[in-house]
There are 2 protein chains.
Amino acid sequence: METYDVIIIGGAAAGLTASLYTARQGLKTLVLTKDIGGQALLTNDIQNYPGIMQIGGFELMTEFQKQSASYGTEFRYDEVVSIENKPGEKIVSTRSGEYSCTALILAFGKTPRDLGVPGEQEMKGHGVSYCAVCDGPIFKNRIVSVAGVGDHALQAAVYLAGVASKVNLILPGSEVRGDDSLVSAVNSDNKIVKAFGRKVKSIRGDKSVKSLILQKSDGSEAEEVQTDALFVEMGYIARTDFIKGIVNLNKENEIITDKFGGTSAEGIFAAGDVTDVPYKQAVISAGQGSIAALSAYNYIQKLRGKPVSKTDWKSVKPVNQ
Amino acid sequence: METYDVIIIGGAAAGLTASLYTARQGLKTLVLTKDIGGQALLTNDIQNYPGIMQIGGFELMTEFQKQSASYGTEFRYDEVVSIENKPGEKIVSTRSGEYSCTALILAFGKTPRDLGVPGEQEMKGHGVSYCAVCDGPIFKNRIVSVAGVGDHALQAAVYLAGVASKVNLILPGSEVRGDDSLVSAVNSDNKIVKAFGRKVKSIRGDKSVKSLILQKSDGSEAEEVQTDALFVEMGYIARTDFIKGIVNLNKENEIITDKFGGTSAEGIFAAGDVTDVPYKQAVISAGQGSIAALSAYNYIQKLRGKPVSKTDWKSVKPVNQ
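Small disclaimer: the values here were computed from a predicted structure and weren't measured. (Residues numbered from 1 in each chain as written. Chains lettered and ligands numbered in written order. Predicted model: local features only at pLDDT ≥ 70, side-chain atom pairs only at ≥ 80, totals over all residues. Heavy atoms only, no water.)

Let us look at the domain arrangement of chain A. All names here are of chain A. Under the domain assignment, chain A is made up of domain 1 (2-112 + 236-303) and domain 2 (120-233). Here domain 1 and domain 2 have C-alpha centroids that lie 32 Å from each other. If you look at the interface, domain 1 gives 6 residues, while domain 2 gives 7 residues. Approximately 470 Å² of surface area, both sides summed, lies buried where domain 1 meets domain 2, with 65% of it carried by carbon and sulfur atoms. Of all residues in domain 1, Leu42, Pro112 and Tyr236 give up the largest surface area on contact with domain 2, accounting jointly for 70% of the area buried on that side. In this assembly, domain 1 and domain 2 are joined by 0 residue pairs in polar contact (both at pLDDT 80 or more). For the side of domain 1 that touches domain 2, the class distribution of residues is 4 nonpolar, 2 polar and no charged. (Domains from an automatic or database assignment. Contact = heavy atoms within 4.5 Å. Buried area = accessible area lost by both parts, 1.4 Å probe. Polar contact = N/O pair within 3.5 Å; in protein donor to acceptor, adjacent residues only side chain to side chain. Nonpolar A, V, L, I, M, F, W, Y, C, P; charged D, E, K, R; others polar.)

When the parts of a complex come together, some accessible area is lost, and that lost area is often taken as the interface size. Across the contact, 61 residues belong to chain A and 61 residues belong to chain B. Summed over the shared surface of chain A and chain B, the number is 2 salt bridges. A salt bridge links Asp276 of chain B to Lys259 of chain A; the shortest N-O distance between them is 3.1 Å. In this assembly, chain A and chain B are joined by 24 residue pairs in polar contact (both at pLDDT 80 or more). Only helix 1 (13-24), helix 2 (57-69), helix 4 (150-161), helix 5 (180-188) and helix 6 (282-303) of chain A provide two or more residues apiece to the side of chain A that touches chain B. Here the side of chain A that touches chain B gets 10 residues from one element, more than from any other, and that element is helix 6 of chain A. Looking at the side of chain A that touches chain B, its residues break down into 27 nonpolar, 21 polar and 13 charged. (Salt bridge = Lys/Arg side-chain N within 4 Å of Asp/Glu carboxyl O. Helix = DSSP H or I, 4+ residues; strand = E, 2+ residues; numbered from the N terminus.)

Let us now look at the environment of Asn298 of chain B. By the secondary structure assignment, Asn298 of chain B is in helix 6 (residues 282-303). Between the C-alpha atoms of Asn298 of chain B and Asn44 of chain B, which are 254 residues apart in sequence, the distance is 36 Å.

Structure follows, in structure tokens:
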């Protein structure tokens, strides 16, 4: 079993920043992740990451990874299935292997919430998508549908209207509500066809999506809508089942953290969207990743009888801010 | 009196990020600060701000400011002397004016701690400096001294040895302690002359620093050291006297904040090094600035009877991550 000082689960803003910090402190660091970038990949136009005027999510996350790798961070693209918290050691099991570490940082973000209707699981990746920006271009000049709630759904519809020939926007309420600029964008785009007061009852298709059966708010069946794709925008949930019982979660299943990025388990830290941090932003996740990493470093130093660093970290490395 | 939605005191990583976020949300935003950049200016080589491989502190902070200004943030270079917390309104008085705002964000960082010896106040800016990177180049090929504690002092000595002809390193302990790489850099540099087990008793000079009188740990007078400059590296303190009684402080005089960047006073938020955040890093301050800004926005929306934004902010702006 390979052994690391620090294993970080998750390869987006929080996890990559944490790995940058632990690797820079000379700790043997492994990032276990299904992909690089996480939710930053959902946008190709980030304008509020301070220090960079405008950048695509993919490009920003690629920079994060390159920077971390330059200090020796290792990356494995794998899915974690379980964690065992032993005294002084944590065992992380993935689909294809087992790894051991002294400190563990949980930074695997959130995953899209399913719609929960017949046909959804079968046609995931065959017309059912949870990422308009990622998969929208596949449906250029074809008919797509968006089902969801809140600004997520409006944003997806506006984006897809720039790509597809027609966008059915399926919303449970009787009118569009949300961010002012999004609402007016939806209302002024004649490619967006409103199916309001409606929910998806089931998804029909064979190997790929063909149509949606809608239902009204009273549950009665409504029209059938022809479509080549369904983009689900139901928000995001923390998939923390596999660590329940190891770290404390709040009622949204987010990991409860303290000011130090610490969880209820000694030597296990957490950062980013998977935690109870109130707002979800790339720069906030990055900041949290840095905090968790510095706390993990202090934890390891203490275990090894070495001096921990003071709270003012500006000068840990000679040229480090 | 000019009125703003949000006033931010402080123009470094936390304050500039906060202003970027509030200005992007369409709030009329003023940054009141003595200078731009704060402690990031102390280094010309930041390698751990994620997304940017290497950048000078001044350059990074200039980018932060440009980005914020592009959304309409106003800047005034002034010193805040007092704050009045009225119901629904805060009055901020500076040396030259008075401003009113609905929400206030405190992000003015920390300031260097004085040595507290005779001659220090008189010769500030005339050989007595608190920033080796800023003022070191003035003393190229001349004799300088560093008095202080911890890695700050070692870092300054190593930096100055690359500029000055000789560096007297005055430390209270009998040996060098701190970050391994700094300790070995100090020990291997023959330009650094060790004055250990010593403190500065007084600074002598006329219009500028000429020499230092040192004392031993038992208080007895030690040697006089000729020097053209004294760099004080005693760490940093939160100068929060002017807001004592308005927001709760911890025993280090740092502003106590909650997960939302909220303080004990309604409508007053805080971010960055001036708060009780455990580690002091540009990316952590930026993350905190974003949190405080989003909470200030929610506070104002609520006051005005408008919908507050949900905790998941990814889609507040159409193209915002």
